[in-house]
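Listed below are the residues making up each chain.
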Amino acid sequence: EKVEIEVSNIIRKDIRKNHTSTHLLHWALKKVFGDQLKQAGSFVAAKRFRFDYTIYDAPTSDQLDKVEKLINERIQRDEPVRCFETTRDYAQQLGTIALFDEKYEKFVRVVEIGNYSRELCGGLHINRTGQIGLFTIISETSIGANLRRIEAITGMHAFELLKGKKDVLDDIAFDLEVDIKKVSETVKKI
């Protein structure tokens, strides 16, 4: 039997956006929390991604807002994302993030974003950060002792989520007959 296999370019683009976003998230988390933070795993799909990390104290909502803002600022700068192969030793000299105690071949693949994020990675990536469009965190939870998980979305998936939330808020403001900025205050009074 003959079969035809076709890769969806839309799904592939969304995976690229999310994968590069895991690198941006790792960078932003380290910027906010310092070197105490360590990546513990990640999962990338077309509609969302998750990033697991170790940290001693649970992040505050203000800290997560700062992480989200840092990433969206980098997206708006439309910075280059470069993938290249080099020797393991040179990657280490560049300060590339990796588990260098693990076994790697002599040559490794580095993903570099701007001049601030360098990680070993063999996955799909976009060419410029601006292709991500928009980044938003949808949840941050504990999944074990000192182990936390962030789930996030990008691009049109992020836009649709935020638009849906705005629509709900608009409906509530309409029903309460108040300006959208006074919804919280009005609900508390009720």
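This is a predicted model, so every value here is computed, not measured. (Residues numbered from 1 in each chain as written. Predicted model: local features only at pLDDT ≥ 70, side-chain atom pairs only at ≥ 80, totals over all residues. Heavy atoms only, no water.)

A.B. asks: Account for the pattern of salt bridges, naming residues and giving values.
C.D. replies: Going through the model one piece at a time under the given rule, you end up with 13 salt bridges. Between Asp-14 and Lys-17 there is a salt bridge, with the nearest N and O atoms lying 3.9 Å from each other. One end of the pair, Asp-14, and the other, Lys-17, are both in helix H1 (residues 9-33), 3 residues apart, so they sit about a helical turn from each other. Asp-14 gets classed as buried once you look at its relative accessible area, which sits at 14%. When its relative accessible area of 17% is taken as the criterion, Lys-17 is described as buried. In this structure, the salt-bridge partner of Lys-30 is Asp-35, at a minimum N-O distance of 3.9 Å. What makes Asp-35 exposed here is its relative accessible area of 60%. Salt bridges here are not isolated pairs; linked through shared partners, they connect Arg-82, Glu-112 and Arg-118. (Salt bridge = Lys/Arg side-chain N within 4 Å of Asp/Glu carboxyl O. Helix = DSSP H or I, 4+ residues; strand = E, 2+ residues; numbered from the N terminus. Buried < 20%, exposed > 50% of the residue type's maximum accessible area, 1.4 Å probe, protein only.)

A.B. asks: Can you explain the sheet that holds strand S2 (residues 49-54)? Please cite residues and give values.
C.D. replies: Taken together, 4 strands build an open sheet; the order of strands is S1-S2-S7-S6 and the sheet is antiparallel. Strands with a single pairing partner mark the edges of an open sheet, and in this sheet they are strand S1 (38-44) and strand S6 (135-144). Each strand axis lies, on average, 20 degrees off the axis of its neighbour in the sheet, ignoring direction. Sheet analysis places S6 next to strand S7 (residues 147-154), joined by 8 bridges and oriented antiparallel. (Pairing = 2+ DSSP bridges. Axes fitted to C-alpha atoms, helices over the stretch in contact; angles between N-to-C directions.)

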